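# Secondary and tertiary structure notes
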Amino acid sequence: MFNEKIKPPLVLTLICIITCGLLVAAYEATYVDTTGVITEKLTAGLTEVYGSAEGFEMLKNNDGTVLTYEGVTSVLFDGENTAFEITADGYSSGGLHVLVGLNSSGAVNGVSVMTIGETPGVGTKVQDDSFKNQFKGIVYENTVSADTGETKVKAKAVWGTREEIKRLKLDAAASSSSGSGFELDAISGATFSSNGMYTAVKTALAAYEEMKGADE
């Protein structure tokens with residue numbers, strides 16, 4: 001009687017252990033670490049912004065780790081142009097994975113949306129050229145308050161509690177760019193997504209300023 005009761009759960013446990021082991025082994029055998037690698041998405045983004053990805057390298061620290069800044073996953077440089085890989089919040093937390101490219105003068109050359117998790121048909125409109133092209137030519141000075149010298153929306157991709165993210169989204173939606181030298185033409189019904197894209201651009205420009213300061 002005892003064996004009849006213990007045998008089924010024991011067999012099921014062994015099956016689960018063996019299955020888990022096989023899954024781990026399969027993952028380790030197929031996993032490819034893309035850290036520090038210019039992926040196909042990045043290559044496509046660079047091509048969209050600059051017409052070619054040729055000559056770009058991912059910048060690294062002296063210890064070999066990938067160079068990052070607040071809100072910036074990686075930085076790519078071809079000796080003249082600088083591109084920043086950024087994940088920002090739109091309507092969805094982390095819903096915008098973009099590449100913001102700057103030219104040698106520090107002005108936005110273009111923006112490429114590599115992955116988007118926004119509302120189809122509404123928030124996804126931020127990847128249209130008609131929206132993205134408004135950022136071309138913006139420099140850091142266009143995105144800061146004339147009164148405080150600080151950006152209207154904090155330049156970072158935020159990960160926090162539901163309440164924190166909601167508050168930050170509301171702050172971003174209430175924030176206007178009047179007096180900053182640039183007026184965001186937001187997509188109707190997609191304020192969060194529009195502000196998220198603008199925040200990504202600000203993040204790149206702020207990181208570029210930090211890079212310049214480090215070189216001086």
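Here's a quick rundown of the structure. (Residues numbered from 1 in each chain as written. Predicted model: local features only at pLDDT ≥ 70, side-chain atom pairs only at ≥ 80, totals over all residues. Heavy atoms only, no water.)

### With respect to the overall build of the protein
To be explicit about the condition: For helices the rule is a DSSP run of H or I covering at least 4 residues; for strands it is a run of E covering at least 2, with both sets numbered from the N terminus onward. Only protein chains enter the accessibility calculation, which uses a 1.4 Å probe; a residue is then buried when its area is under 20% of its type maximum, exposed when over 50%, and partly exposed in between. Note on definitions: a residue-residue contact is assigned when non-hydrogen atoms from the two residues lie within 4.5 Å.
When helices and strands are tallied, the protein shows five helices and five strands. Scanning the protein from its N terminus toward the C terminus, one meets helices and strands in the order α-α-β-β-β-β-β-α-α-α. With 216 residues in all, the protein has 38% of them scored as buried. In the protein, once contacts between residues fewer than 6 apart in sequence are set aside, the share between residues at least 24 apart is 53%.

### A word on the sheet that holds strand β4 (residues 96–102)
Paired through their backbone hydrogen bonds, the strands of a sheet run either parallel or antiparallel. For the record, the criterion: Two strands qualify as a pair provided DSSP detects at least 2 bridges between them. To get an axis, fit a line to the C-alpha atoms, keeping to the stretch in contact for a helix; angles then go from 0 to 180 degrees between the N-to-C directions.
An order of β1-β2-β3-β4-β5 is seen for the five strands of this open sheet, with the pairing classed as antiparallel. Strand pairing shows two members of the sheet lacking a second neighbour, β1 (57–58) and β5 (108–116), which therefore form its edges. Against the sheet, helix α2 (residues 40–50) touches β1, β2 (72–77), β3 (82–88), β4 and β5, its axis set at about 145° to β5.

### What about the nonpolar core?
Defined as follows: Side-chain atoms within 4.5 Å link the members of a nonpolar core, which is a set of buried Ala, Val, Leu, Ile, Met, Phe, Trp, Tyr and Cys residues.
In terms of nonpolar packing, the biggest core is built from 31 residues, with Phe84, Ile86, Val98, Val108, Phe135 and Met197 touching the most fellow members. At the level of elements, β2, β3, β4, β5 and α5 (191–215) are the ones that each hand at least two residues to this core. Counting residues per element, this core draws most heavily on α5, which supplies nine residues. Ignoring anything within four residues of it in the chain, the contact list for Ile86 reads Gly71, Val72, Leu96, His97, Val98, Val100, Ala200, Thr203 and Ala204. Membership of the second largest hydrophobic core comes to 12 residues, among which are Ala53, Val66, Leu99 and Met114.

### Some details on the pairing of β2
Bridge count between β1 and β2: two bridges; the pairing is antiparallel. Each residue of the ladder has a partner; that of Met58, found in β2, is Leu76.

### Describing the pattern of salt bridges
Counted only if it meets this: Salt bridges are defined as contacts in which a side-chain nitrogen from Lys or Arg sits within 4 Å of a carboxyl oxygen from Asp or Glu.
Scanning the model with the defined rule gives three salt bridges in all. One salt bridge in this structure joins Glu209 and Lys212, with 3.3 Å as the shortest N-O distance. One end of the pair, Glu209, and the other, Lys212, are both in helix α5, three residues apart, so they sit about a helical turn from each other. Residue classification places Glu209 among the partly exposed residues on the basis of a relative accessible area of 23%. Salt bridges sharing partners connect three or more residues here, namely Glu48, Asp129 and Lys132.

### Some remarks on a nonpolar patch on the surface
How we decide: Grouping into patches uses exposed residues only, defined as over 30% relative accessible area, and leaves out salt-bridged ones; the cut-off is 9 Å for like charges and 5 Å for nonpolar side chains (Val, Leu, Ile, Met, Phe, Trp, Tyr). In these tables, accessible area is a Shrake-Rupley quantity obtained with a 1.4 Å probe, and a residue counts as shielded only by the protein chains included in the view.
There is a patch of nonpolar side chains on the surface, built from Leu14, Ile17 and Ile18 and spanning about 300 Å² of accessible area. Take Ile17: it is sitting in helix α1 (residues 2–30). Using a relative accessible area of 54% as the deciding quantity, one classes Ile17 as exposed.

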